Amino acid sequence: MARWSWALGNRPNYRPYRVKRLKGVPRLPSHYAAVTKQRSPSLYSNPLETLRNYHKNSTTFQGQHEHVPHAPMASLIQLYYAYFHSSHPFMLPPAYLVKTNAAKLTHLMPVVRYIGSFFAPTAPRNSFRDAAEYTLFRQNAARNGYTVQAMLLFAIGLHAANEQEKSGQVKDAAIEIALEIGMNREEFAYFGGERIPDDVLMTDNDSGSVDDGLDAKRNTTDPVERVMQESWRRTWWELYFLDGILAGVHQTVDGFRLWMVECSVPLPCEEAEYNNGKIPPPRSLQEFDDRTFSDEALEFSSYAYRVEAIRILGQVLACGHNNDPDDPRADAADASLVNWALHLPDEKKELVGKDRKVDEMLFQAHMIVYATSIYLHRPRSHLVVSLVSDETTCTPTTGYTSSHHPVVFHTSKAVYAANAISKLVTLPTPLIKHSPFFTCVLTLATIVHLSACSWLLSGDEGYLAKERIRLGIGALKTLEDVWGIAGCVLQQIKAASREVFRFPRPEGWAAEFVGAGGIITEEEMMRFIEEEGALEGDVAEMGIDEDMVQGTAGLLVGVEGEMFQDAPVLDSWDGS
């Protein structure tokens, strides 16, 4: 216990940490500020005390863009809700969190504080990380929904801190508990986060009493209970999202375990409905899948389209690295990607709503669809050839995969998707409020631009691609202030981009490569990969550092864009 005494808040003369305001960013809105600091906080003080003291008899948070007087203090829990909750919105909204029994949140709130510490630059993040890990794995955490929520959050935080292996382990542990307690079933939401009772799991119940009890829970009019049920549905789908996107980032064919798990959990509602406590009757996954054939104009939430995007990612991952050019799964996955866009309602095609705010769930849905398109088409395109390594922390090395389509078909689709991802950076919202997984998707897009610039593009096309690389670099420079993984890939892509723009590119090589209508054989592809290796040897003879030539993938270092200057960051923190 000695080594945990500090983490438990027993350090002598413990004082709150003052947070320095970063250059060029505005102050934190005061409605996220804590009340007057009355005593030195502890990592394990009552997790809801700050919120309850602030709200007193009110349970409503002011809007983030309301003009209110500035106050300099904020707690980590408030930072979590101010900057992170909207990108992974499965925990209870703050107005309902304050009504929850604090004993149920014993293992969850230390993880919330760890996530909040990412937005407090001088906070002892490693100590909060250790405290969260200790609470989850050394204090016999109950195997229930609250523990799944805590592990889910912790896995996201570990990924953001670039602890990739540990993140995967925690995610797998969360999945084990979730499946054990029946979180993949609709009925789970009606039992307060606890394991589904055995009598509910029975299929031969003739008394009808169980069904009557479930109907009563399903049709409850208690707003608090309905919000709680929605939170459990969101927890399952957030775990599903995490499992899928980590499998995509690491390109593990069998990594998306939940894609194959039978699921009856209804889809989440809109964010405004969730935050306001006005939960409509949930729609099923089957209703969503059959919406195309319905005569009625059925409405589904942005979250539902995010779920569909990650399901399509599962289709692409299932294709693996199959070199069969006639594999029907690849064409089916491509059709799913096109259908996702074709059947998107008009109101979901614009990421900025009438309130001038970015719909974060819709943002992530588009983000995943574009990334999935790159995962599908890049291995079958010209972009598999690059004058530098394409491997980074977020992008494993890509090998060539055969296809019955012309190579230029796949090249065009991969470049289009990369361009679309770059456009997401320009949306009018602070980058740090996006999911930390946007870092990896942005890196993927810039790697595509890097591959194209290394030999394929020139003239105006090359100039535009280079500008998109600069845009990606500027975004990563902003994100590294919060997410450790962004700082890691930033250095990797800087090093490799320096190589790309120093390489000599033989005149006519690209034209020769895409000759004959862009249709090439696998043997020709391998020949050009060998010629690429010969070019690297020529560069080494010019005196360029060989270690640099063999560096990890990256993109051109660029100038920070002014659009990133206004990203909000915590001005100061009271240490709670």
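Residues numbered from 1 in each chain as written. Predicted model: local features only at pLDDT ≥ 70, side-chain atom pairs only at ≥ 80, totals over all residues. Heavy atoms only, no water.

### Notes on the state of the cysteines
Our working definition: The disulfide criterion is simple: two cysteine sulfur atoms within 2.5 Å. What counts as a helix is a DSSP run of H or I of at least four residues, what counts as a strand is a run of E of at least two, and both are numbered from the N terminus. For the exposure calls, accessible area comes from a 1.4 Å probe over protein chains only, and a residue counts as buried if that area is under 20% of its type's maximum, exposed if over 50%, partly exposed in between.
Considering all chains together, one arrives at one disulfide under this definition. Here Cys394 connects covalently by a disulfide to Cys440, the sulfurs 2.2 Å from one another. Between Cys394 and Cys440 the sulfur-sulfur dihedral comes to about -50°; the bridge is accordingly left-handed. Here Cys440 lies in helix α18 (residues 438–456) and Cys394 lies in the loop between α16 (360–377) and α17 (407–424), a separation of 46 residues in the sequence. Side by side, Cys394 and Cys440 carry an identical accessibility label, which is buried.

### Some points on helix α5 (residues 125–137)
An α-helix turns once every 3.6 residues. As a result, residues three or four positions apart point the same way. Our working definition: Multiplying 1.5 Å by the residue count of a helix minus one yields the expected span of that helix. When checking whether two residues touch, look at their non-hydrogen atoms; a contact exists if any pair is within 4.5 Å.
Between the first and last C-alpha of α5 there are 18 Å, a value that for 13 residues agrees with the 18 Å anticipated at 1.5 Å per step. Residues Ser127, Phe128, Arg129, Ala131, Ala132, Glu133, Tyr134, Thr135 and Leu136 constitute the buried set of α5. Contact partners of the buried residues in α5: α2 (76–84), α4 (109–117), α6 (145–160) and α7 (164–180).

### What about unusual backbone geometry?
One non-glycine residue, Gln251, lies in positive phi territory at about 50°. Looking at the secondary structure, you find Gln251 in the loop between α10 (223–250) and α11 (271–276). Residue Gln251 is classed as partly exposed on the basis of its relative accessible area, which comes to 24%. The phi torsion at Arg356 lies on the positive side, around 70°, for a residue other than glycine. Tracing the sequence through the fold places Arg356 in the loop between α15 (346–349) and α16. Taking relative accessible area as the criterion, Arg356 reaches 68% and is therefore assigned exposed.

### What to know about the packing of α10 against α16
Selection rule: Each axis is a line fitted through C-alpha atoms, and for a helix only the stretch in contact is used; angles between axes span 0 to 180 degrees, taken between their N-to-C directions. By definition, any crossing whose near helix is turned counterclockwise from its far helix by less than a right angle is left-handed, and any crossing with a clockwise turn is right-handed. Residue polarity follows a fixed list, in which Ala, Val, Leu, Ile, Met, Phe, Trp, Tyr, Cys and Pro are nonpolar, Asp, Glu, Lys and Arg are charged, and the others, Gly among them, are polar.
At a minimum axis distance of 11 Å, the contact between α10 and α16 shows a crossing angle of 35°. Helix-helix and strand crossings are classified by hand; for α10 and α16 the assignment is left-handed. Contacts from Phe241, Ile245, Gly248 and Val249 in α10 reach Gln364, Met367, Ile368 and Tyr375 in α16. Residues of the contact of α10 with α16, tallied by class, amount to six nonpolar, two polar and no charged.

### A word on the packing of aromatic side chains
Using the following cut-off: When two rings of Phe, Tyr or Trp (its six-membered ring) have centres within 6.5 Å they constitute a pair, described as stacked for plane angles under 30 degrees, edge-to-face for angles over 60, and tilted for the intermediate range. Throughout this description, the term charge over a ring refers to an Arg CZ or Lys NZ atom that lies within 6 Å of the ring centre and within 35 degrees of the ring normal.
Per the stated rule, a full pass over the model turns up 16 aromatic pairs. For the ring pair Tyr114 and Phe154, a centre distance of 5.7 Å and an interplane angle of 70° mean the geometry is edge-to-face. Of the two residues, Tyr114 sits in helix α4 while Phe154 sits in helix α6, which places them 40 residues apart along the sequence. For the pair formed by Tyr114 and Phe154, the shared burial category is buried. Ring centres of Tyr146 and Trp232 lie 5.0 Å apart, and the angle between their planes is 80°; this geometry places the pair in the edge-to-face category. In this pair, Tyr146 is assigned in helix α6 and Trp232 in helix α10, connecting sequence segments 86 residues apart. The pair Tyr146 / Trp232 is uniform in exposure class, with both members buried. Pairwise contacts between aromatic rings join Tyr80, Tyr81, Tyr83, Phe84, Tyr114, Phe118, Phe119, Phe154 and Trp483 into one cluster. Over the ring of Phe241 we find Arg306; its NZ or CZ atom is 3.8 Å from the centre of that ring.

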